[in-house]
Amino acid sequence: MVHPRSFESGQSSKLLSRSEPVLQFHLISLFPEVFKTVLESSLLGKAQKKGLVTYSLTQIRDFARDKHRTVDDTPFGGSEGMLLKPDILCDAWESVMQKVPVEETPKLKTILLSPQGRLLDQALARELAQSTHLILVCGHYEGVDERFIELCVDQEVSIGDYVLTGGELPALVLVDAVTRLVPGVVGNERSITEESLENGLLKYPQYTRPREFRDLKVPDVLLSGDHGAIGAWRQNQMLDRTEKKRPDLWQKFSLKSKSRR
Ligand SMILES: C[S@@+](CC[C@H](N)C(=O)[O-])C[C@H]1O[C@@H](n2cnc3c(N)ncnc32)[C@H](O)[C@@H]1O
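This one's a predicted model, so the numbers in the text were calculated from it and none came from an experiment.

(A) Focus on the site of the ligand. The immediate surroundings of the ligand are formed by 20 residues, with Leu113, Gly139, Leu164, Gly167 and Pro170 found nearest. When residues in the shell around the ligand are grouped by element, the largest group, 4 residues, is from strand β5 (residues 108–119). The residue makeup of the shell around the ligand, split by class, is 9 nonpolar, 10 polar and 1 charged.

Structural data, given as structure tokens:
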């Protein structure tokens, strides 16, 4: 990937201070209105209010060059659909890059949401949470001109083996998965480390009041007050349910345990 950074000399040399957000998301999309409600609600909204993360939205169409505000064109060689043009996408991307101080770029990543990318899982979310800036580019129609990927994109990320109409929902999924890993976003850090998939296993079953509901009782061990027994029960439940519900994860977990032994 080549970063066409024509703006470096004019950048301020501001250093990250403590009051600055830990992670800044920059979303580039043809439909930025899609993001607002989700980014302002619940934990994502709170994370922003606490100043831990920021979200900026860039409208691709603002970089169109003709009076019809064209952003796409037909693929060379003939095929269905329309592709987002590389010049427009690069301009949109550069407009975001110009706002990022040069010294913060080592921890900046440009991600294209794409069904051809690395599958998003908890390990990748953890990796991405180490960044200070994530530029998320949402494709649409038939996708994007390959040269934009070559020039500006560090990594393609997919949220699953199915094809969606645009990258907006995948971008929101990624923002959510990564934001909750930013220190301070989830109040109790333990609730993250005990989460499903954090250690390659699914989380144990959980119950709240009432103790009995429609003839179904909370397992006695959870009411026993014996923390050793509760811990052992939970560990067994994690192993059991991962084996039953997610044989793929179970296989990976077993292989890892064997190699560790
Ligand atoms: C219809 S898709 C284009 C698919 C493309 N023609 C291909 O075959 O790889 C339009 C856009 O939706 C987004 N998208 C669709 N499915 C996705 C997925 N599973 N994960 C991430 N992004 C996806 C991408 O940004 C993509 O550019």
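That covers the picture; the talk isn't over yet.
(B) How the structure looks around the environment of Trp233. Examined against the element boundaries, Trp233 turns out to sit in helix α8 (residues 227–245). On the neighbour-count criterion, Trp233 (18 C-beta atoms within 10 Å) is partly exposed. Spatially, the C-alpha atoms of Trp233 and Leu222 are 8.7 Å apart, while their sequence positions differ by 11 residues.

(C) Molecular detail of the domain arrangement of the protein chain. Segmentation of the protein chain into domains returns domain 1 (8–179) and domain 2 (194–260). Taken over C-alpha atoms, the centre of domain 1 sits 36 Å from the centre of domain 2.

(D) Inspection of the sheet that holds strand β1 (residues 23–29) at higher detail. Spatially, 5 strands are ordered β2-β1-β6-β5-β7 in an open sheet, and the strand pairing comes out parallel. Of all strands in the sheet, those bounded by a partner on one side alone are β2 (53–59) and β7 (155–158). Neighbour-to-neighbour, the strand axes of this sheet turn through a mean angle of 30°, independent of strand direction. In this structure, β5 lies alongside β7, joined through 5 bridges in parallel fashion. The residue of β7 that forms the bridge with Leu112 is Glu156. The strands that helix α6 (residues 168–179) touches are β1, β2, β5, β6 (133–138) and β7; relative to β6, the one it contacts most, it runs at about 160°.

Calculation rules
- Residues numbered from 1 in each chain as written.
- Predicted model: local features only at pLDDT ≥ 70, side-chain atom pairs only at ≥ 80, totals over all residues.
- Near = placed C-beta within 6 Å.
- Helix = DSSP H or I, 4+ residues; strand = E, 2+ residues; numbered from the N terminus.
- Nonpolar A, V, L, I, M, F, W, Y, C, P; charged D, E, K, R; others polar.
- Buried ≥ 20, exposed ≤ 12 C-beta atoms within 10 Å, placed from the backbone.
- Domains from an automatic or database assignment.
- Pairing = 2+ DSSP bridges.
- Axes fitted to C-alpha atoms, helices over the stretch in contact; angles between N-to-C directions.
- Contact = placed C-beta atoms within 7 Å.

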